[in-house]
Amino acid sequence: MRTDIRNKEDIKILVDAFYNKIKTDGSIGYLFTDVAIVNWEKHLPIMYDFWDNILFHTGNFDGNPMMKHRLLNEKSTLTETHFLHWTKLWKKTVDDLFEGEKANEVKIRAKNISKAMMNKVIT
Ligand code: HEM
């Protein structure tokens, strides 16, 4: 039975599962593996903190996502299709693993941030 997202351990499970999919994803995987050449040992803990802060208000994320994605867009053009695919993959990963209030929240927040990012980064 699926539980809700209860703590940082659950966030790690979610984020790890998501980026495992991303790495081999046919539509946007190359942006991570070939364009940005992501250092996963650094990136994953940043993403744990990012979502931990969003769901549990821990205050321990101090990155600059808009800037990172603007730089990425300068290297290789990001499109609405990329962002929609990202959100679809996020939703599927959440639904496969969790259900509940926080699980719903993490999907809604991702969708809203994705929209805001699209507006700031690709227009
Ligand atoms: C087309 C969709 C997207 C692509 C291709 C993408 C790709 C990337 C890449 C390559 C990085 C940089 C990793 C590095 O530091 O080397 C990054 C960082 C990040 N992304 Fe995305 N991303 C996308 C959408 C999103 C969305 C929708 C969110 C939030 C809901 C998000 C949240 C973040 C955060 C928080 C960081 C870390 C920023 C920091 O280190 O300051 N991304 N992304």
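The name given to the chain in an unreviewed UniProt entry is Hemoglobin-like protein, and the organism recorded there is Flavobacterium johnsoniae.

Draft legend 1. Seen up close, the site of the ligand. Lining the immediate surroundings of the ligand are 21 residues, of which Phe32, Gly63, Asn64, His69 and Trp86 lie closest. Within the contact set of the ligand, an oxygen atom lies 2.8 Å away from a backbone nitrogen or oxygen of asparagine 64. Measuring from a nitrogen atom of the ligand, one finds a side-chain N or O atom of histidine 69 at 2.8 Å. Elements with a minimum of two residues in the shell around the ligand: α2 (29-35), α3 (40-56), α4 (65-75), α5 (80-97) and α6 (101-122). Sort the elements by how many residues they give to the shell around the ligand and α3 lands first, with 5 residues. For the shell around the ligand, the per-class residue count stands at 14 nonpolar, 6 polar and 1 charged.

Draft legend 2. Inspection of unusual backbone geometry at higher detail. For isoleucine 37, which is not a glycine, the phi torsion comes out positive at approximately 50 degrees. Even without a glycine there, the phi angle at histidine 57 is positive, about 55 degrees. Position of histidine 57 relative to the elements: it lies in the loop between α3 and α4. The exposed category is assigned to histidine 57, whose relative accessible area is 62%.

Calculation criteria
- Residues numbered from 1 in each chain as written.
- Predicted model: local features only at pLDDT ≥ 70, side-chain atom pairs only at ≥ 80, totals over all residues.
- Heavy atoms only, no water.
- Near = heavy atom within 4 Å.
- Polar contact = N/O pair within 3.5 Å; in protein donor to acceptor, adjacent residues only side chain to side chain.
- Helix = DSSP H or I, 4+ residues; strand = E, 2+ residues; numbered from the N terminus.
- Nonpolar A, V, L, I, M, F, W, Y, C, P; charged D, E, K, R; others polar.
- Buried < 20%, exposed > 50% of the residue type's maximum accessible area, 1.4 Å probe, protein only.

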